[in-house]
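Below, each chain spelled out in residue letters.
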Amino acid sequence: MNDHKGILLESGTNELEIVEFQVGSNRFGINVIKVKEIIQPIPVTFIPHAHPHVEGIIQLRGEVLPVIQVGKVLGLPIVSNTEQEKYVVAEFNKQKVVFHVDNVTQIHRISWNQIEKPSDLYQGGTSHVIGVIKREEEMLLLLDFERIIMDINPESGISVDSVKKMGKRERSNKKIVIAEDSPLLRKLLHDTLNEAGYVNLEFFENGKDALNYLESLEKISPDVSEHVQMIVTDIEMPQMDGHALTKMIKGNNNLSKLPVVIFSSLITDDLRHKGDQVGAEDQVSKPEITELVLKIDQYIL
């Protein structure tokens, strides 16, 4: 598991690989792309007054990393010191963290269109579940790891204050289509981009809905840029991911001139080439909202 670069999928196929893990009797998934390695638990140094979800810190190859007990995050009973327990070392949002889980079982290759968005009926506003993966024998829940980190450290999220530091901004009526599956991040993007002067925003919770919208505009007028001036997309989304969306846009003569900026927690040196392959104009790592605003300025003002 240490080096999974070789099994990374071609860009734009709308597929992903999921590492399945267990907490209690429940099964969950994390995108392989976020996983650096899986190790046996090692002794943790307790940190006084840390967030209740944080067990403490470990030192791994000279780096000091926080250990997050996933059972506590999910409100599940903690069964300690079983032989199967694992530490999942993950990297996203430009930071590394360790998730303590009860067991890591297998890797699945699936398509994003096999992942259903959780229903509001059972999800509520505070759920950590961003997708339900239906398999023949059971369901896997895809967790919102960005939200888990933001709950522990709100400073790690997108902040309006950082945009305010850019000074007074002119309002722009240029229209931006944004594909982002997290309700929390949609609200943060709405607030921060409004603060940056961009008030004409159209949000979609996955790439498929965003593409359907763009294709409906195409029927009204082949020059879609009369209606929309830019696309901002996340990568990980149920139904259609951001790489597949970008590939579809760039493969369509009427849509291809629209600038696409990928705004994702998965923008790392290792993975930037995937966005380049599908033709994205630019890529910005969450939570760098001021950099995103500067890119939007660059492409549409």
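Keep in mind that this is a model prediction, so the values were computed, not measured.

What counts and what doesn't
- Residues numbered from 1 in each chain as written.
- Predicted model: local features only at pLDDT ≥ 70, side-chain atom pairs only at ≥ 80, totals over all residues.
- Heavy atoms only, no water.
- Buried < 20%, exposed > 50% of the residue type's maximum accessible area, 1.4 Å probe, protein only.
- Helix = DSSP H or I, 4+ residues; strand = E, 2+ residues; numbered from the N terminus.
- Pairing = 2+ DSSP bridges.
- Axes fitted to C-alpha atoms, helices over the stretch in contact; angles between N-to-C directions.
- Parallel < 35°, antiparallel > 145°, perpendicular 65-115°, else oblique.
- Left-handed = near helix turned anticlockwise from the far one by under 90°.
- Contact = heavy atoms within 4.5 Å.
- Nonpolar A, V, L, I, M, F, W, Y, C, P; charged D, E, K, R; others polar.
- Core = buried A, V, L, I, M, F, W, Y, C linked by side-chain atoms within 4.5 Å.
- Expected span 1.5 Å × (residues − 1).
- Arc of directions from axis to C-beta.
- Polar contact = N/O pair within 3.5 Å; in protein donor to acceptor, adjacent residues only side chain to side chain.

Novice: Please explain the pairing of strand β16 (residues 282-285) as it appears in this structure.
Specialist: Sheet faces and side chains relate simply in a regular strand, where the side chains alternate between the two faces. Residue alternation in β16 divides its side chains into two sets, Asp 282 and Val 284 and Gln 283 and Ser 285, and both sets are buried. The pairing of strand β15 (residues 260-264) with β16 spans four bridges and is parallel. In the sheet register, Ile 262 faces β16, and the bridge partner there is Gln 283.

Novice: It is not clear to me how the packing of helix α5 (residues 183-195) against helix α9 (residues 289-300) should be interpreted in this structure. Could you clarify?
Specialist: The relative placement of two packed helices is expressed as an angle between their axes plus a distance between the axes. The N-to-C vectors of α5 and α9 enclose an angle of 60 degrees; their axes lie 11 Å apart at closest approach. Judged on the interaxial angle alone, α9 and α5 are oblique. Taken as a pair, α5 and α9 cross one another with a handedness that is right-handed. Seen from α5, the contacting residues are Leu 189, Thr 192 and Leu 193; seen from α9, they are Ile 289, Leu 292, Val 293 and Ile 296. Of the residues that constitute the contact of α5 with α9, the class distribution is six nonpolar, one polar and no charged.

Novice: Looking at this model, I keep getting lost on the nonpolar core. Mind explaining?
Specialist: Burial of nonpolar side chains together is a common tendency in soluble globular proteins. Counting 25 residues, the largest nonpolar core has Phe 21, Ile 68, Phe 99 and Phe 145 as its most contacted members. Those elements that provide at least two residues to this core are β1 (15-23), β2 (26-31), β3 (35-39), α1 (70-73), β6 (86-92), β7 (95-101) and α3 (145-152). The leading source of residues in this core is α3, at four residues. Ignoring sequence-local partners within four residues, the contact set of Phe 21 consists of Asn 26, Arg 27, Phe 28, Gly 29, Ile 30, Val 70, Val 101, Asn 103, Val 104, Thr 105, Leu 143 and Phe 145. Leu 188, Leu 189, Val 232 and Val 261 belong to the second largest nonpolar core, which has 22 residues in total.

Novice: Is there a simple way to explain helix α6 (residues 207-220) in this structure?
Specialist: Residues separated by three or four positions in an α-helix point in the same direction, a consequence of the helix having 3.6 residues per turn. With 14 residues, α6 extends 20 Å from end C-alpha to end C-alpha; this agrees with the ideal 20 Å at 1.5 Å per step. Among all positions of α6, only Gly 207, Ala 210, Leu 211, Tyr 213, Leu 214, Leu 217 and Glu 218 are buried. The arc that holds every buried residue of α6, seen down its axis, measures 160 degrees, which confines them to one face. Turned more than 90 degrees off the buried face of α6, the exposed positions are Lys 219 and Ile 220. At the N-terminal boundary of α6, the capping side chain belongs to Asn 206, with an oxygen 2.9 Å from the backbone nitrogen of Lys 208.

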